[in-house]
Amino acid sequence: MTSTPGPLRGATSDDDVSWRSRYEAPSRRMAGVVPRLLWDVSYLTGTWRHFPSDDQAPRYRAVAAAIDQGLTVPGAILDIGCGNGVLAHYLSPPAVARYAGVDISWVAVAAAQQACAGLGAEFLVADLRSWVPPTTAAVVVFNESLYYLVRPVQVVHRYAAGLHPGGEIVVSMYHER
């Protein structure tokens with residue numbers, strides 16, 4: 001496992017992020033703070049401690065099954081907004097060997113590296129709004145990450161342009177009733 005810390009390429013303004021979600025943090029409580037810091041604070045304060053949980057397992061299994069369907073195409077499996085790396089635990093061995101999780105939070109990536117030690121997954125810190133993958137992807141996963149963006153369709157189109165021919169985009173959105 002490796003991490004690629006460092007300055008982001010093509011950083012965008014803070015107004016690209018819309019913290020519209022059912023979670024209070026990162027949200028209005030910390031408005032005006034740099035997005036990376038918002039996410040780091042939210043992971044440090046336990047906002048995301050409910051991942052992993054048994055009630056989330058069926059959704060993660062469904063996402064993993066969709067990823068497995070894209071393994072016939074060469075290229076990486078990119079989990080954009082990977083958080084603490086929960087999805088990597090649900091992937092088949094051939095999928096996890098090609099998996100790269102990307103998250104804006106250093107804290108989340110460090111947790112993912114620790115939780116997924118020995119799986120063969122890679123994690124790196126980058127801003128999904130501006131990061132450019134270094135290679136084509138077989139599958140790009142947006143697992144509960146698109147609703148934090150002001151322009152999610154534009155972001156999906158940008159990543160779709162970097163897919164290997166025949167590759168796929170997997171989107172998972174969750175709303176608790």
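Just so you know, these numbers come straight off a predicted model, no measurement behind them.

Student: Kindly report on the overall build of the chain, identifying the contributing residues and their values.
Tutor: For the chain, the count of helices and strands is 5 helices and 5 strands. Reading the chain from its N end, one meets helices and strands in the order α-α-β-α-β-α-β-β-α-β. Sequence-distant contacts in the chain: of pairs separated by 6 or more residues, those separated by 24 or more amount to 70%. Per element, the accessible surface of the chain, about 8,700 Å² overall, is 59% carbon and sulfur.

Student: Run through the pattern of salt bridges, naming residues and quoting values.
Tutor: Scanning the model with the defined rule gives 2 salt bridges in all. Its salt-bridge partner being Glu 144, residue Arg 59 comes within 2.4 Å of it at the nearest N-O pair. Residue Arg 59 is located in helix 2 (residues 57-69), and its partner Glu 144 is located in the loop between strand 4 (137-143) and helix 5 (152-160); the two are separated by 85 residues in the primary sequence. Two residues, Arg 129 and Asp 127, come together in a salt bridge whose shortest N-O distance is 2.4 Å.

Student: Which residues make up helix 1 (residues 35-44), and what values go with them?
Tutor: The buried count for helix 1 comes to 7 of 10 residues, which makes it a mostly enclosed element. Inspection of helix 1 places Pro 35, Arg 36, Leu 38, Trp 39, Asp 40, Ser 42 and Tyr 43 among the buried residues, and these make up the whole buried set. Residues of helix 1 that are buried in the fold lie against strand 2 (99-103), helix 4 (106-115) and strand 3 (122-125). Gly 46 occupies a position one or two residues after helix 1 and carries a positive phi of about 90 degrees.

Student: Let's hear about the environment of Val 139: which residues, and what values?
Tutor: Along the polypeptide, Val 139 turns up in strand 4. Distance from Val 139 to Ile 77, taken between C-alpha atoms, is 4.8 Å for residues 62 residues apart in sequence. With residues near it in sequence (within four places) discarded, Val 139 still touches Ile 67, Gly 70, Ala 76, Ile 77, Leu 78, Leu 163, Glu 168 and Val 170.

Student: How would you explain the pairing of strand 2 if you had to name every residue and give the values?
Tutor: Among the 5 residues of strand 2, 5 are classified as buried, and the element is accordingly described as predominantly covered. Two elements, strand 2 and strand 3, share 4 bridges in a ladder whose sense is parallel. Opposite Asp 103, over in strand 3, you have Val 125 as the bridge partner. You can see the chain leave strand 2, run along helix 4 and come back into strand 3, and the turn it takes is right-handed.

Student: Can you explain the environment of Ala 88? Please cite residues and give values.
Tutor: Mapped onto the elements, Ala 88 comes out in the loop between strand 1 (76-80) and helix 3 (93-96). Counting along the chain gives 34 residues from Ala 88 to Glu 122, while the straight-line C-alpha distance between them is 9.5 Å.

Conventions used here
Residues numbered from 1 in each chain as written. Predicted model: local features only at pLDDT ≥ 70, side-chain atom pairs only at ≥ 80, totals over all residues. Heavy atoms only, no water. Helix = DSSP H or I, 4+ residues; strand = E, 2+ residues; numbered from the N terminus. Contact = heavy atoms within 4.5 Å. Areas by Shrake-Rupley, 256 points an atom, 1.4 Å probe, with all protein chains shown as cover. Salt bridge = Lys/Arg side-chain N within 4 Å of Asp/Glu carboxyl O. Buried < 20%, exposed > 50% of the residue type's maximum accessible area, 1.4 Å probe, protein only. Pairing = 2+ DSSP bridges. Right-handed = clockwise from strand over helix to strand, strands pointing away.

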